[in-house]
Amino acid sequence: MLSKHVSFKIGGPADYLVEIPAKEALKEFFRQIQTDKVFVLGGGTNILFDSGGFRGAVIKLTGCFEEFSFDGETLTCGSAALLPLLVSESAKRNLSGLEFCAGIPGTVGGALFGNAGTPQGNISDALQSCEVFNAVSGEFEILNQAEIEFEYRRSSIKGIICGAVFSLKSGRENDILNLISAALDRRKHSQPSGVLSAGCIFKNPPHLSAGKLIDECGLKGRKIGGAQISQKHANFIINCGNAQSADVLELIEIARAEAEKQFGVKLETEIRIIK
Ligand SMILES: Cc1cc2nc3c(=O)[nH]c(=O)nc-3n(C[C@H](O)[C@H](O)[C@H](O)COP(=O)(O)OP(=O)(O)OC[C@H]3O[C@@H](n4cnc5c(N)ncnc54)[C@H](O)[C@@H]3O)c2cc1C
């Protein structure tokens, strides 16, 4: 069940769920695979799968893709390395550059795909290069940061991100730890914790906060089936335990329609809705 692999805990069965532990295995998988419907899953923290499941193959990179190493101020990692772990391992070495990511769950691959970040910075800021597998040509390619377009919660990367190199800077232990704890504090005060969610549902429209708009539409606490718009942060939808994807989708449509009706703002989803 895909629900086991995502933070929302929503999603039916996939036809195939394949763990791929190394680059050669990734190449081999695409040589042999019969379906052209393949979805790459990272940490599953920004995804709404359909409760009916996924008719195709879901792949999850593991093994070598989870490894990382430091050489001076350079961090080299596989795309399945967990971002929170990289934040803490960088801090242990007094390396600065990823502190703003503290509290963003998921993997480096997912973070680069959506240019994850906060108002304090984006994952692309520290990126030097990343390695991408092109499933059509069967080739691996290194892309330098400048060759990739990064925007707010979007990158132009096509293909499967296999690894990345980040340039960090030596810093003072206290400064780094203070930035991390400030990032975690901001999150604790503004976002629901200890609940099942997929992070922010909508992207913030330019110069506006999606959460504030939804709040001003009077939708905090609105519940459909097992899904509810968070009382704490209206841009979060919470799975109260037994939510179906249709419950979440209905809440998304209500929020979108109200924001357009009341403020003339079209909200665009940040989470990936996978059918
Ligand atoms: C409590 C909570 C707080 C959050 N706070 C933030 C925040 O402050 N800022 C923010 O930006 N996000 C936030 N998020 C959303 C989410 O954590 C980030 O978007 C994260 O970077 C997604 O990474 P992931 O590995 O979980 O990706 P997934 O959710 O698994 O996938 C997201 C997308 O990335 C693609 N992808 C994943 N791995 C690869 C790969 N190797 N190659 C190619 N494509 C890939 C997937 O196909 C999918 O389209 C939050 C989520 C939660 C649950």
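Only a predicted model underlies this, so the values are computations on that prediction, with no experimental measurement involved.

Conventions we followed
- Residues numbered from 1 in each chain as written.
- Predicted model: local features only at pLDDT ≥ 70, side-chain atom pairs only at ≥ 80, totals over all residues.
- Heavy atoms only, no water.
- Helix = DSSP H or I, 4+ residues; strand = E, 2+ residues; numbered from the N terminus.
- Buried < 20%, exposed > 50% of the residue type's maximum accessible area, 1.4 Å probe, protein only.
- Lys, Arg positive; Asp, Glu negative; His and termini not counted.
- Salt bridge = Lys/Arg side-chain N within 4 Å of Asp/Glu carboxyl O.
- Expected span 1.5 Å × (residues − 1).
- Arc of directions from axis to C-beta.
- Contact = heavy atoms within 4.5 Å.
- Phe/Tyr/Trp six-rings, centres within 6.5 Å; stacked < 30°, edge-to-face > 60°.
- Pairing = 2+ DSSP bridges.
- Near = heavy atom within 4 Å.
- Polar contact = N/O pair within 3.5 Å; in protein donor to acceptor, adjacent residues only side chain to side chain.
- Areas by Shrake-Rupley, 256 points an atom, 1.4 Å probe, with all protein chains shown as cover.
- Nonpolar A, V, L, I, M, F, W, Y, C, P; charged D, E, K, R; others polar.
- Domains from an automatic or database assignment.
- Buried area = accessible area lost by both parts, 1.4 Å probe.

### A look at the side chain of arginine 187
Item 1. With respect to the helices and strands, arginine 187 occurs in helix α4 (residues 173-190).
Item 2. Within the buried set, arginine 187 has no salt-bridge partner at all; the shortest N-O distance to an opposite charge, 9.0 Å, is to glutamate 270.

### With respect to α4
Item 1. Here α4 spans 26 Å end to end across 18 residues, near enough to the 26 Å set by a 1.5 Å rise per residue.
Item 2. Where α4 is concerned, the buried positions are Ile176, Ile180, Ala183 and Arg187. All buried residues of α4 fall inside an arc of 60 degrees around its axis, so they share one side. Projecting away from the buried face of α4 at angles above 90 degrees are the exposed residues Asn174, Asn178, Lys188 and His189.
Item 3. On its buried face, α4 sits against α2 (83-92), β7 (95-96) and β8 (117-118).

### Re the packing of aromatic side chains
Item 1. Evaluated as defined, the whole model comprises six aromatic pairs.
Item 2. A ring pair is formed by phenylalanine 29 and phenylalanine 30, whose centres lie 5.1 Å apart and whose planes are at 90 degrees; its orientation type is edge-to-face.
Item 3. Summarising the aromatic geometry, the rings of phenylalanine 68 and phenylalanine 70 are spaced 6.2 Å apart at their centres and angled 85 degrees between planes, so their arrangement reads as edge-to-face.
Item 4. Linked through ring pairs, Phe29, Phe30, Phe133 and Phe140 together constitute an aromatic cluster.

### Focus on the pattern of salt bridges
Note that side chains of opposite charge can pair when their charged atoms are close.
Item 1. Enumeration over the complete set of coordinates arrives at 14 salt bridges.
Item 2. Arginine 31 is paired through a salt bridge with glutamate 28; the nearest N and O atoms lie 2.3 Å apart. Taken together, the positions of arginine 31 and glutamate 28, both in helix α1 (residues 23-32) and three residues apart, correspond to about one turn of that helix.
Item 3. By relative accessible area, which is 30% here, glutamate 28 ends up partly exposed.
Item 4. Ionic pairing is found between arginine 172 and aspartate 175, a salt bridge with its closest N-O pair at 3.8 Å.

### Remarks on the sheet that holds strand β17 (residues 227-229)
Item 1. Read from one edge of the open sheet, three strands run β16-β17-β18, paired in antiparallel fashion. Unpaired on one side and paired on the other, β16 (223-224) and β18 (237-239) mark the two borders of the sheet.
Item 2. Taken together, the two bridges between β16 and β17 define a ladder with antiparallel strand orientation. Looking at β17, one finds that lysine 223 is bridged to glutamine 228.

### Brief notes about the site of the ligand
Item 1. Near the ligand you find 34 residues, and of these Val40, Thr45, Thr107, Gly117 and Arg272 are the closest.
Item 2. In this structure, glycine 43 approaches the ligand through a main-chain N or O atom, which is 2.7 Å from an oxygen atom.
Item 3. Out of a free accessible area of 980 Å², the ligand has 92% covered by protein chains.
Item 4. When contributions to the shell around the ligand are tallied by element, the ones reaching two or more residues are β2 (38-41), α3 (108-113), β8 and β14 (160-167).
Item 5. If you tally residues by element for the shell around the ligand, the top one is α3, at four residues.
Item 6. Taken together, the residues of the shell around the ligand break down into 13 nonpolar, 17 polar and four charged.
Item 7. For the shell around the ligand, the two domains that each supply at least three residues are domain 1 (2-63) and domain 2 (65-189).

### Details of the pairing of strand β11 (residues 139-144)
Item 1. Sheet analysis places strand β10 (residues 127-134) next to β11, joined by six bridges and oriented antiparallel. Looking at β11, one finds that phenylalanine 133 is bridged to phenylalanine 140.
Item 2. Hairpin connection from β10 to β11: four residues lie between these consecutive antiparallel strands, with glycine 138 at a positive phi of about 75 degrees.

### Comments concerning the domain arrangement of the protein chain
Item 1. When its domains are assigned, the protein chain resolves into domain 1 (2-63), domain 2 (65-189) and domain 3 (210-274).
Item 2. Placing a centre on the C-alpha atoms of domain 1 and another on those of domain 2 gives a separation of 22 Å.
Item 3. With 15 residues of domain 1 at the interface, the matching set in domain 2 holds 16 residues.
Item 4. With both sides pooled, the region where domain 1 packs onto domain 2 buries about 1,200 Å², and carbon together with sulfur makes up 72% of that total.
Item 5. Applying the counting rule to domain 1 against domain 2 returns one salt bridge.
Item 6. Two residues, lysine 23 and glutamate 131, come together in a salt bridge whose shortest N-O distance is 2.9 Å.
Item 7. On inspection of domain 1 and its partner domain 2, the count reaches four residue pairs in polar contact (both at pLDDT 80 or more).
Item 8. Among the elements of the structure, α1 and β4 (54-61) are those that each provide at least two residues to the side of domain 1 that touches domain 2.
Item 9. Ranked by residues supplied to the side of domain 1 that touches domain 2, first place goes to α1 with four residues.

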